[in-house]
Structures are given as C-alpha cells and as structure tokens.
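Understanding the architecture of this molecule
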Amino acid sequence: MSPAGVLRGIGRPVLESLAAIGRVAIFAGTILGHLFRPPFYPREVMVQLLQIGWFSLPVVGLTALFTGGALALQIYSGGARFNAESVVPSIVAIGMVRELGPVLGGLMVAARVASSIAAELGTMKVTEQIDALVTLSTNPIKYLAVPRVLAATLAVPVLVAVGDSIGIMGGWLVGITRLDFNSAVYIKNTVDFLEVWDVGSGLVKGAVFGFIVALMGCYHGMNSGRGAQGVGRATKSAVVAASVLILAANYILTEVFFTS
Amino acid sequence: MIEIKGVTKAFGPKTVLRGVDLTIASGTSMVIIGGSGTGKSVLLKCILGLVRPDGGAILLDGQDVARAERDAFLARFGMLFQGGALFDSLTVWENVAFRLLRGFQKRPKAEAREIAIEKLRRVGLSPDVADLYPAELSGGMQKRVGLARAIAAAPEIIFFDEPTTGLDPIMAGVINDLIREIVVEMGATAMTITHDMTSVRAIADHVAMLHEGVIQWTGPVAEMDATPDPYVQQFIHGRAEGPISAVR
Ligand SMILES: Nc1ncnc2c1ncn2[C@@H]1O[C@H](COP(=O)(O)OP(=O)(O)OP(=O)(O)O)[C@@H](O)[C@H]1O
Ligand SMILES: [Mg+2]
C-alpha cells in the first residue's frame, strides 16, 4: 500500500468518528436548549417516566439482588485470606452504591431502554411519522427526544437508589444465611461505614448514565437508515454506544469524584 | 400561489429532480402524474422542507419557503403521506386531532374529539374506529385516517400523496368527491399525486406529468386527452410501448 493510501486509511475513520462526535454533541446541545423553552409536553414526560423508570424496576432490582449476594460471597472468601471477613458489610455497601449499583443499573437500562427508544424512533423515521410530526408543526426533537432524555435523567438515579438498597439487602441475606453474620451487626456495620457522598456520587452517576442512554437511543433512532435493516442497525448502535459511553463516563466521574 | 422554479434534487449519485418548473394557482387543484419512482413524493417533500432541494427555488405567495418562519408556514399546510404515517402510539382520533390538541390551534379535548369524529365520517369511517389504534386498521382505513388528519385543521394548502391507492372503487369515489369539495367549497389549494386516471379526471383542474426529473407536460385537465405529447398519451392509456421505458 502506498504511503498516501495508508494515510487515507487512517484519516478517513478518524475524520468520520470526529464528525460523529460533533453530530452527537450538536444533538445533545439542541436537546438541552429545548429543555427550558415551551411548548412543554408533560404528558409525554409522564409516559416516559413510567416506561423508563417504573418498568425497569424488576430488571434493575434483580440485577442488584444477585450482584449484592455474589459480592458478599466473593469478599468473604477473598477477605478470609488475611482474616478480614468482617469487612464484608462495608465493602458490599461501598461497592454497591459507588460502583456496581450505578454501572450495572445503567447497563441494564441501556439494554432495555436505549434499544427500545432507538427501535421506536427508528420505526417512526422509516414510516415517515417523524416527517408527519414536522408537517403538523411539532418539533420532533422537542416532542420525542426531550421527554425521553428528561425522563431517563430523572428516573435512573431513582432506579440506582432502589438498586443500591436491594443490592445491600442481597449481601445481607447471603451474609446472615450463608456466612454466619449476625443480622444486627451486619446492618450496623453497613450504616456506620457509609457516607452520604458514597451514595450521592452513585446517584449523580445514575443521572449521567440515564442521560447517555436516552441520548444514544434518540440519536440513533432519529438518524436511522431506511427500512427494517436501518432500524436494526440503529438499535444495535444505540445499545453499544450507550454501554461503552457509560463505562467511559463511569471512569471519568470516578476520577473526578474520588481522587483529590 | 406556489411557484416551483428549477428545483433539482439528487440522492447520492442518483439524480431524481433535474429542474422542475411548476406553478399552482391558489384555490385550484393540481394533479401530478408520472411513473413510479420518478420523484413525485420527493417533490412534495421539497415544498414542505422535509427534503432540502439541491438547487432552484420554491415560492409561496412570492416568498421563498426556505426563509419562511417554519411554524407559521407549516400551519398553512396539510399533508397525506403515501404510507399514511399515522402515529401508532396514539389512537385514531388523537391522530386526526393532533394539531387541535397542541400548539396555537389547541382547543378543549371534547371539542377536538368531536371535530375528529366529524372528519372521520367525511372519509367514510364510523365513530367506532375513533378509539382504535392505527395498527388495528386495514391499509385503506389507515390511508383514510391519514386523509382525515391532513384536513382536520382546515389548512389552506393540502398535499395528497396517492389518496386512493388501496381503496375499493366506491371508497375511491368518496375520496375523490371529498378532495373536489375541499377545493371548491373551502377554496383550498390542493396538490395530489395519483396513478388513478379516474381520480385525475375527478379531482384535477390542472395536470402535470413528471418524467425523468422534469415536468414533461402540464395543462388543464380538459386538454390532457387531446395533447399530442407521446409521454402523456402513453401514460393515460397505460400502453407498454412508447417513449417511457418499462424498466425504471
Ligand atoms: N430519502 C431518500 N434517500 C435516498 N433515495 C431516496 C430518498 N427518497 C426518495 N429516494 C429516491 O428517489 C426516487 C423518487 O422517489 P419518490 O418516492 O419521489 O417516487 P414517486 O414518484 O413518489 O414514486 P411512487 O409513485 O412509486 O410513489 C426513488 O428512486 C427513490 O429511491
Ligand atoms: Mg410516491
């Protein structure tokens, strides 16, 4: 391959990804700009809160329950190597509220919500429903994207809080039934050790992850290609992009919150 | 008055419109005919700004539509999409009353519903369909709901993309009469795409034929049969032989 060919091979994907980042940023900026300008669609926001928040509870709850239980077992057996079995309650609590609650909750919501938003909006795009909205004097970003992004940003922290509690409960269940912890001691250790910011940082992460999930769903859905294939591709891209961005954002936020 | 001047549009390497010139006077009914895939739907979308033309200009009452204030501009239009484009998360009546339930044409829910049911009746649908979802309707019924939605807010200018395809002959007749009525009684300007020659004769004041990206022929409907233009003659008589190739 000629040197120019190599350069072109590197340059094109780099330019394309930069352009994509720019488009997503503009899309996000447009959504934020519309957030505080009328008309508002409170009914749409309520519907989306229900869809994104309430109906994600079982998935997020089960994920947290099993994760909390497994975490307790792991820390117990790991801690046994240096006689530190007693740290189980505090490590489970910290691990859940700081990391696993928001990250696993966010990933589960990405799987459930980013995909369904992208498929729904992609189908609307393909069947000209988005064009029809425009002809009916309704801004599709305002009517479709803003309520979803708002609802996800509000709902995911609540999901994370519920997930945290269930996860800690999972650890406690395993602790008292399988690891011979005293129930009262386990709970006291958990409560004494947790700080407000441990929980708060996880909730902030949740809000950011919720924003990412809905943003990716809306962006890929509204820019879906033509036909069923286009919708399928949009759905896949939304889930992949949301998941990767959640993990990247998690690292950055952890860096910001906990290193000083 | 809508003036289309030298509008061009290409999708990638494929040129669809090569300089379309057409004028539609206010309060008249223009019917666009032309082979499948010649860009009729794209032309309507260009006027509405859903597709951005590559070149040329579109004027509404002398004003460039690309520079018009979007909300006020779109409020004057109604559009029936070729595929219906009903919102499947809303019931039939909420679809029809969409414009009446939000924005500056907003009115009380009960009143909007009443108007929706009245419009549904005009397209030959009974009030029981009002509370169904679009997915529960047949293709032809969806088309008619789309039509009811297009006319619900009594727009000045209405675009119908194949209003009678998929309908039985009786229902097609009802829809043709309705479109004619909207133009004659309400003074609306209509632009209709159709392949159905019965419809053309029933609806049109003027006819324009789009072929290979330009308006091949345009004139009053009365002159359509007598025109010597071989393209029009082939099209209206549905002949396989002629200047329009069968493979497109
Ligand atoms: N968004 C788009 N992207 C790429 N190509 C498009 C797009 N929209 C339309 N086309 C192409 O433009 C051409 C004209 O399409 P259009 O839908 O206007 O045809 P039409 O005249 O309405 O045909 P029909 O009578 O079958 O509805 C087609 O070849 C189509 O493939
Ligand atoms: Mg068409």
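Okay, so let's go over this structure. (Residues numbered from 1 in each chain as written. Chains lettered and ligands numbered in written order. Predicted model: local features only at pLDDT ≥ 70, side-chain atom pairs only at ≥ 80, totals over all residues. Heavy atoms only, no water.)

1. Examining the overall build of chain B
Helix and strand content of chain B: nine helices and ten strands. Considered along the principal axes of its C-alpha atoms, chain B spans approximately 55 × 40 × 35 Å. When contacts within chain B are restricted to residue pairs at least 6 apart in sequence, those whose partners lie at least 24 apart make up 62%. Across chain B, the centroid of the 26 positively charged side chains sits 5 Å from that of the 29 negatively charged ones. (Helix = DSSP H or I, 4+ residues; strand = E, 2+ residues; numbered from the N terminus. Contact = heavy atoms within 4.5 Å. Lys, Arg positive; Asp, Glu negative; His and termini not counted. Charge placed at Lys NZ, Arg CZ, Asp CG, Glu CD.)

2. Quick look at the coordination of the magnesium ion (ligand 2)
All names here are of chain B. Protein-derived ligands of the magnesium ion (ligand 2) are S41 (OG) and Q82 (OE1), with the metal-ligand distances lying across 2.0 to 2.1 Å. Of the two residues, S41 is situated in helix α1 (residues 40-48) and Q82 in the loop between β6 (77-80) and α3 (92-96); the sequence distance between them amounts to 41 residues. According to the relative accessible area criterion, S41 is buried, its value standing at 19%. (Donors = N, O, S within 2.8 Å, 3.2 Å for Na, K, Ca; no water. Buried < 20%, exposed > 50% of the residue type's maximum accessible area, 1.4 Å probe, protein only.)

3. A short note on the side chain of B:K143
Residues and elements named next belong to chain B. With respect to the secondary-structure elements, K143 resides in helix α5 (residues 139-151). With no salt bridge to any partner, buried K143 finds its closest opposite charge in E162, at an N-O distance of 5.3 Å. Contact partners of K143, with chain neighbours within four places excluded, come to L80, F81, Q82, D161, E162, P163 and T165. (Salt bridge = Lys/Arg side-chain N within 4 Å of Asp/Glu carboxyl O.)

4. Here's the deal with helix α6 (residues 169-186) of chain B
All names here are of chain B. Along its 18 residues, α6 runs 25 Å from first to last C-alpha, staying within 8% of the 26 Å computed at 1.5 Å per residue. Those residues of α6 lying buried are M171, A172, I175, N176, L178, I179, I182 and V183. An end-on view of α6 places all buried positions within 155 degrees of arc, on one side of the element. In α6, those exposed residues whose orientation departs by more than 90 degrees from the buried face are P169, I170, D177, V184 and E185. Turning to α6, the residues buried within the fold contact β3 (29-33), α4 (109-122), α5, β7 (157-161), β8 (189-193) and α7 (197-203). If you check the start of α6, you find a side-chain oxygen 3.0 Å away from the backbone N of I170, and it comes from D168. Remark: G187 follows α6 within two positions and exhibits a positive phi of approximately 70 degrees. (Expected span 1.5 Å × (residues − 1). Arc of directions from axis to C-beta. Polar contact = N/O pair within 3.5 Å; in protein donor to acceptor, adjacent residues only side chain to side chain.)

5. Describing the packing of aromatic side chains
Evaluation of the coordinates by the stated rule reveals ten aromatic pairs over all chains. Between A:F257 and A:F258 the ring centres are 6.2 Å apart and the planes differ by 85 degrees, which places this aromatic pair in the edge-to-face class. Considering the side-chain rings of B:F77 and B:F159, the 5.4 Å spacing of their centres and the 65 degrees angle between planes classify their relative orientation as edge-to-face. Taken together, the residues span a long stretch of sequence, with B:F77 in strand β6 and B:F159 in strand β7 at a distance of 82 residues. A cation sits over an aromatic face here: A:R98 above A:F258, 3.9 Å from the ring centre. (Phe/Tyr/Trp six-rings, centres within 6.5 Å; stacked < 30°, edge-to-face > 60°. Lys NZ or Arg CZ within 6 Å of the ring centre and 35° of its normal.)

6. Things to note about the packing of helix α6 (residues 140-178) of chain A against helix α7 (residues 183-193) of chain A
Residues and elements named next belong to chain A. Their axes nearest at 10 Å, the elements α6 and α7 cross at an angle of 145 degrees. When the axes of α6 and α7 are compared, the crossing they make is right-handed. Residue-level contacts link I168, G171, W172, G175 and I176 of α6 to S183, Y186, I187 and T190 of α7. Within the contact of α6 with α7, the residues separate by chemical class into five nonpolar, four polar and no charged. (Axes fitted to C-alpha atoms, helices over the stretch in contact; angles between N-to-C directions. Left-handed = near helix turned anticlockwise from the far one by under 90°. Nonpolar A, V, L, I, M, F, W, Y, C, P; charged D, E, K, R; others polar.)

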